[in-house]
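# Descriptive structure summary
Listed below, chain by chain, are the residues.
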Amino acid sequence: MQFGKIAIIGAGNTAYTLCKVLKSKGIEPFCIYVRNPEKAEKVRADLDVEVVFSYEKVLESDLAIVAVKDDAISEVAAYLIDYKGLVVHTSGTKSSEVLNRIERYGVFYLPYTMSKERNISFDDVPLLIYANSPEDMIRLNGFAEQLSSKVQYCDDEQRKVIHLAAVYVSNFTNVMLGIGDKLLEENGLSLDLMRPLVMEMMKKSFEISPEKALTGPARRGDIQTILDHEEMLVNSPKELEIYKVLTNYILEKYQKNEKL
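This text gives an overview of the structure that appears in the document. Quick caveat, the model's predicted, so the values are computed rather than measured. (Residues numbered from 1 in each chain as written. Predicted model: local features only at pLDDT ≥ 70, side-chain atom pairs only at ≥ 80, totals over all residues. Heavy atoms only, no water.)

We now examine the packing of helix H1 (residues 13-24) against helix H2 (residues 40-47). Put simply, H1 and H2 touch, their axes get as near as 11 Å, and they point 30 degrees apart. As summarised for this structure, H1 and H2 are arranged roughly parallel, according to the angle between their axes. Here H1 and H2 pass one another in a crossing that is right-handed. Contacts from Tyr16, Cys19, Lys20 and Lys23 in H1 reach Lys42, Val43, Asp46 and Leu47 in H2. Class assignment of the residues belonging to the contact of H1 with H2 gives a composition of four nonpolar, no polar and four charged. (Axes fitted to C-alpha atoms, helices over the stretch in contact; angles between N-to-C directions. Helix = DSSP H or I, 4+ residues; strand = E, 2+ residues; numbered from the N terminus. Parallel < 35°, antiparallel > 145°, perpendicular 65-115°, else oblique. Left-handed = near helix turned anticlockwise from the far one by under 90°. Contact = heavy atoms within 4.5 Å. Nonpolar A, V, L, I, M, F, W, Y, C, P; charged D, E, K, R; others polar.)

With that settled, consider H2. Turning to H2, its buried residues number three or more, namely Ala40, Val43 and Leu47. Within H2, the buried residues cover an arc of 65 degrees as seen down the axis, which keeps them to one side. In H2, the exposed residues that point more than 90 degrees away from the buried face are Glu41, Lys42 and Ala45. Looking at the packing, one finds that the buried side of H2 touches H1, strand E2 (31-33) and strand E3 (51-52). (Buried < 20%, exposed > 50% of the residue type's maximum accessible area, 1.4 Å probe, protein only. Arc of directions from axis to C-beta.)

This brings us to the sheet that holds strand E5 (residues 86-89). Reading across from one edge, E3-E2-E1-E4-E5-E6-E7-E8 is the order of the eight strands in this open sheet, with mixed pairing throughout. For this open sheet the edge positions go to E3 and strand E8 (151-153), each flanked by a neighbour on one side alone. Of the pairings in the sheet, the one linking strand E1 (residues 6-9) to E2 comprises three bridges and is parallel in character. Along E2, the bridge assignment pairs Ile8 with Ile32. In this fold helix H5 (residues 134-144) packs onto E1, strand E4 (63-66), E5, strand E6 (105-109), strand E7 (127-131) and E8, with an angle of close to 160 degrees to the strand it touches most, E7. (Pairing = 2+ DSSP bridges.)

Here we take up unusual backbone geometry. Positive phi, normally seen in glycine, also occurs at Asp48, with a value near 55 degrees. Within the secondary structure, Asp48 sits in the loop between H2 and E3. Owing to a relative accessible area of 57%, Asp48 belongs among the exposed residues under this scheme. One non-glycine residue, Ser209, lies in positive phi territory at about 105 degrees. Locating Ser209 in the fold gives a position in the loop between helix H7 (195-208) and helix H8 (210-213). By relative accessible area, Ser209 is classed as partly exposed at 26%.

Membership of the largest hydrophobic core comes to 36 residues, with the highest contact counts inside it found for Phe108, Leu140, Phe143 and Leu147. Those elements that provide at least two residues to this core are E1, H1, H2, E4, E5, E7 and H5. The element that contributes the greatest number of residues to this core is H1, accounting for six residues. If sequence neighbours within four positions are ignored, Leu147 has contacts with Val21, Leu22, Lys25, Ile27, Phe108, Phe122, Asp123 and Leu127. (Core = buried A, V, L, I, M, F, W, Y, C linked by side-chain atoms within 4.5 Å.)

Okay, a nonpolar patch on the surface next. Together, Leu177, Leu189, Leu191, Leu193, Met194 and Leu197 line one region of the surface with nonpolar side chains, adding up to about 500 Å² of accessible area. Looking at where Leu189 falls in the secondary structure, it is placed in the loop between helix H6 (156-186) and H7. Note on Leu189: relative accessible area 44%, which makes it partly exposed. (Patch = residues over 30% accessible without salt bridge, like charges linked within 9 Å, V, L, I, M, F, W, Y side chains within 5 Å. Areas by Shrake-Rupley, 256 points an atom, 1.4 Å probe, with all protein chains shown as cover. Salt bridge = Lys/Arg side-chain N within 4 Å of Asp/Glu carboxyl O.)

Have a look at this one:
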C-alpha cells in the first residue's frame with residue numbers, strides 16, 4: 001500500500017464522500033479531523049471512523065487529505081508545517097502552492113458533484129492528481145488507481161480551467177433545471193417530463209459535440225417563438241434576463257454565420 005495511514009481533514013460533502021469511497025475499497029481511514037466538536041458524534045455515527053479534534057493524531061498519518069472550503073486550506077496548512085507525510089487538498093481552484101510551507105504537498109481533485117447523503121463510486125470518475133516530487137507522484141498515482149480507473153496528472157492551470165468548465169456544465173445546468181422546475185411546478189406540471197429530453201441531449205452532446213447537438217428556437221431562428229417565450233416570462237424578470245442573454249448568445253453565434 002502506498003500510504004498506510006490516511007487522515008481526512010473536514011466534515012463536508014467531499015470529506016464524507018472520500019471516507020465512504022475509501023471504506024468501500026477496503027481502505028479504513030486512520031482518522032477524520034473535525035473542527036467543531038458538536039459535529040463529532042454525528043460524523044462518527046455516519047462514517048464509523050475515529051473522529052479527532054486535534055492535529056496530533058493527523059500528524060501520525062502518512063497521507064492527509066485536506067477536504068475543507070477553499071478559504072480554509074491555508075489555515076489548515078499552518079497546523080501541518082511539521083508533517084512528515086504527504087498533504088493534498090481537494091480544491092479545483094486553489095494552487096498547490098497554498099501548501100508549500102509543508103515539505104511534501106500536492107492535489108487530489110475530482111471534477112464531480114458530491115453530497116453527504118449519496119453513496120457513489122469513483123470507478124469511472126476522473127481523478128486529477130499532482131505532487132511536488134516525482135516519488136510522491138508515483139505514490140499518489142498508485143493510491144488514486146485504487147479508487148478510479150481514470151487517474152490523470154493535472155497541473156494548477158489545467159485544474160483551474162477544468163473547474164471553470166465544470167461550473168458551466170454542472171452548476172449552471174443545475175440552475176437551468178431549477179428554472180424549468182419552477183415554471184413547470186407553477187403550472188401543476190412535473191420536472192420528470194423533462195427527463196427524456198435532458199438525458200438524450202446530454203447523450204448527444206458527448207457523442208457528437210454540444211454544438212452539433214443544439215436545437216431549439218434560437219438555433220433555428222424562430223423569432224416569433226422567442227417573443228412568445230419572453231411574453232410568458234414578463235412577470236419573472238430575472239428568468240427573462242437569463243433567457244434573453246442565452247438566446248442572444250445563440251442567435252449571434254449561429255444565425256449570423258448561417259446568413260453568410
